[in-house]
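# Coordinates in review
Each chain, letter by letter, is given below.
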Amino acid sequence: MKFGKKTAFAALVAASALVMAGCAGSGDVIEEGGGTDTGSGDGEMYIALVSKGFQHQFWQAVKKGAEQKAEELGVRITFDGPAAETEIAQQLEMLTAAIDKNPDAIAYAALDPEACVAPLDQAKSKDIPVVYFDAPCNGDVGLSLSATDSKVAGALAAEHMAELIGGEGEVAIVGHSQINSTGVERRDGFVEKIEADYPDIKIVDIQYGDGDHLKSADIAKAMIAAHPNLKGIYGTNEGSAIGVVNAVNELGLEKGKLTIIGFDSGAAQINAIKDGTMAGAITQDPIGIGAQVVQAAYDAANGDAVEEFYDTGSYWYDATNMEDDKIAAVLYE
C-alpha cells in the first residue's frame, strides 16, 4: 500500500476479527532486549509494537505515547526494538517473535522496507492486522501509517537553512539512512526545496552516518575540511545532528560560524540550541505518533475503519520559541 493521503476504509472483514479475538494474548511492556510475552489468557486485547530502536530519546517518547494510549484504551502492549537502528536482522527477529505470539494487532516501524515484506506476509496469512508507525514496509499488508510527513519536514529545514545563511552559499547533509523512508524523504524534501527555490545555495555533499553520533561526527569533520566555504550542515535525525555538533566542538569552531540544523529533539540538541552551537531543529510529535499508532491498531483489531496516513506534524524550534506552549509540548529530553 502506498501511504500518502488520507483514505478511510474497512480494516478487516468480520470473520477475520473473530479469528483474532480467539488467539489474542497479553503481556507487560517490554523494554530494550525484549522478552517473552507470557499471556494471561484473560481475553484482554494485546498489541505488539516493534520499533526501529531504543538508541535515541525519540523512541522513548514514542513508547511513552503508546503506553499512555494503551492505558486509556484498556489494552496491553509490548514495545520492543533493537539497540541501534542499524540492527535490521535483530529487528526482524523481534517482528517474527511478535507474530508468533498471535497478537490482536501488530504495529511496526520498518528499518528496511524490503526485508520486512516476508514476515508481514506471514502476519497477513494469520489474519493479524498490521499498522505502521514512523516508516512503512513495502508490500500491501499494512493498513495505516502514523508518522511525520518527512518530505514536508525536510523542506521546512531547507527554508530555515536558507534564511539563516542569507539565501546563498554551500551546505551539506549528514543523513541517517539511504534505504529507510524517513532518511530518504527528509533528505529529498530538503534537496528538492533548495533546488526549486534557492538557486544560489549549493548542496556540496551528502553522506550517511547511520544515525550514529560518532560516525556522523567523523563525516562532518571530513566535510568541513573538504569544503572551507561551507556555511551549513543539516543532520536528518538526532544522532546525525549531535554528531555534527560534536564535530564542531572537537574542531574548536566558533559557535554559530557553521549553521547547524537538526531533526528531533532530546536534551543534547536542546542544549546545543540554547548555547548557540546549533541554530535550530525540526521536531516531530513522538508521543503523538505512539498514541496514534496504538489507536490505529486498536481500531483495526476491532474491524473499524482506519485512515491510510495520519500526519502527526513537524515543527521548527530554536532559542526564540522553544518555550512556547505549542512547541514545548512536542519537545522531549
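None of the values given here were measured: they were computed from a predicted structure. (Residues numbered from 1 in each chain as written. Predicted model: local features only at pLDDT ≥ 70, side-chain atom pairs only at ≥ 80, totals over all residues. Heavy atoms only, no water.)

## Focus on the pairing of strand S4 (residues 105–108)
Residue alternation in S4 divides its side chains into two sets, Ala105 and Ala107 and Ile106 and Tyr108, and both sets are buried. With 4 bridges joining them, strand S2 (residues 46–50) and S4 adopt parallel strand pairing. Bridge pairing in S4 links Val50 to Tyr108. With 3 bridges connecting them, S4 and strand S5 (residues 130–133) associate as parallel partners. In the sheet register, Ile106 faces S5, and the bridge partner there is Val130. A crossover links S4 with its parallel partner S5, the connecting element being helix H4 (residues 117–125), and its sense is right-handed. (Buried < 20%, exposed > 50% of the residue type's maximum accessible area, 1.4 Å probe, protein only. Helix = DSSP H or I, 4+ residues; strand = E, 2+ residues; numbered from the N terminus. Pairing = 2+ DSSP bridges. Right-handed = clockwise from strand over helix to strand, strands pointing away.)

## Observations concerning the sheet that holds strand S7 (residues 169–175)
Two strands in a sheet stick together by hydrogen bonds in their backbones, pointing the same way (parallel) or opposite ways (antiparallel). Pairing is mixed across the open sheet formed by 6 strands, whose spatial order is S8-S7-S9-S10-S11-S14. At either margin of the open sheet sits one strand with a lone partner, and together these are strand S8 (201–208) and strand S14 (315–317). Direction aside, the axes of adjacent strands within the sheet are offset by 20 degrees on average. Here S7 pairs with strand S9 (residues 230–235) via 5 bridges, running parallel. Across the sheet, residue Val174 finds its bridge partner in S9, namely Gly235. (Axes fitted to C-alpha atoms, helices over the stretch in contact; angles between N-to-C directions.)

## Let's talk about the state of the cysteines
Here the structure, examined in full by the defined rule, presents 1 disulfide. Put simply, Cys116 and Cys137 are joined by a disulfide, and their sulfur atoms are 2.2 Å apart. Its torsion about the S-S bond being 120 degrees, the disulfide of Cys116 and Cys137 is classed as right-handed. Residue Cys116 is located in the loop between S4 and H4, and its partner Cys137 is located in the loop between S5 and strand S6 (145–147); the two are separated by 21 residues in the primary sequence. (Disulfide = S-S within 2.5 Å.)

## Details of helix H2 (residues 57–73)
Between its terminal C-alpha atoms H2 stretches 25 Å, which fits the 24 Å expected from 17 residues at 1.5 Å a residue. Those residues of H2 that sit buried are Phe58, Trp59, Ala61, Val62, Lys63, Gly65, Ala66, Lys69, Ala70 and Leu73. Lining the buried residues of H2 we find S2, strand S3 (76–80), S5, helix H8 (238–251) and helix H10 (286–301). In the segment just after H2, Gly74 is the residue with positive phi, at about 75 degrees. (Expected span 1.5 Å × (residues − 1). Contact = heavy atoms within 4.5 Å.)

## Quick notes on the nonpolar core
Grouped together as the largest cluster of nonpolar side chains are 30 residues, with contacts concentrated most on Ile47, Leu49, Val131, Phe133 and Val294. Mapped by element, the contributors of at least two residues to this core are S2, H2, S3, S4, S5 and H10. Those residues in contact with Val294 that sit more than four places away from it in its chain are Ile47, Leu49, Ala66, Lys69, Ala70 and Leu73. If you look at the next biggest cluster of nonpolar residues, it comprises 25 residues, including Ala217, Ala247, Val248 and Leu331. (Core = buried A, V, L, I, M, F, W, Y, C linked by side-chain atoms within 4.5 Å.)

## Regarding the packing of aromatic side chains
Aromatic ring pairs: the centre-centre distance and the angle between the two ring planes describe each pair. Per the stated rule, a full pass over the model turns up 6 aromatic pairs. Relative to Phe79, the ring of Phe54 lies with its centre 6.0 Å away and its plane at 90 degrees, an arrangement referred to as edge-to-face. Of the two residues, Phe54 is situated in the loop between S2 and H2 and Phe79 in strand S3; the sequence distance between them amounts to 25 residues. Taken individually, Phe54 and Phe79 each receive the classification buried, so the pair is uniform in this respect. Ring pairs connect the aromatic residues Phe54, Phe58, Trp59, Phe79, Phe133 and Tyr332, which therefore count as one cluster. (Phe/Tyr/Trp six-rings, centres within 6.5 Å; stacked < 30°, edge-to-face > 60°.)

## Description of the packing of H8 against helix H9 (residues 267–274)
Where H8 meets H9, the axes come as close as 10 Å, and the angle between the chain directions of the two elements is 40 degrees. Between H8 and H9, the interaxial angle falls into the category oblique. In this structure, H8 meets H9 at a crossing whose hand is left-handed. On H9, the residues that touch Glu238, Ala241, Ile242 and Val245 of H8 are Ala268, Gln269 and Ala272. Of the residues contributing to the contact of H8 with H9, the split by class is 5 nonpolar, 1 polar and 1 charged. (Parallel < 35°, antiparallel > 145°, perpendicular 65-115°, else oblique. Left-handed = near helix turned anticlockwise from the far one by under 90°. Nonpolar A, V, L, I, M, F, W, Y, C, P; charged D, E, K, R; others polar.)

## Digging into the pattern of salt bridges
One pass over the structure, following the stated rule, counts 13 salt bridges. Of the charged contacts in the structure, one is a salt bridge between Glu44 and Arg76, with a shortest N-O distance of 2.7 Å. Residue Glu44 is found in the loop between helix H1 (14–22) and S2, and its partner Arg76 is found in strand S3; the two are separated by 32 residues along the sequence. Residue classification places Glu44 among the partly exposed positions, given a relative accessible area of 24%. Residue classification places Arg76 among the partly exposed positions, given a relative accessible area of 27%. Put simply, Glu67 and Lys63 hold a salt bridge, and the shortest N to O gap is 2.9 Å. Here Glu67 pairs with Lys63, and both are found in helix H2, just 4 residues apart, close to one helical turn. (Salt bridge = Lys/Arg side-chain N within 4 Å of Asp/Glu carboxyl O.)

## A word on H9
Residues of H9 that are buried: Gln269, Ile270, Ala272 and Ile273. Each buried residue of H9 sits inside an arc of 160 degrees when the element is viewed along its axis, so together they form one side. Among the residues trailing H9, Gly276 stands out with phi positive, at a value near 90 degrees. (Arc of directions from axis to C-beta.)

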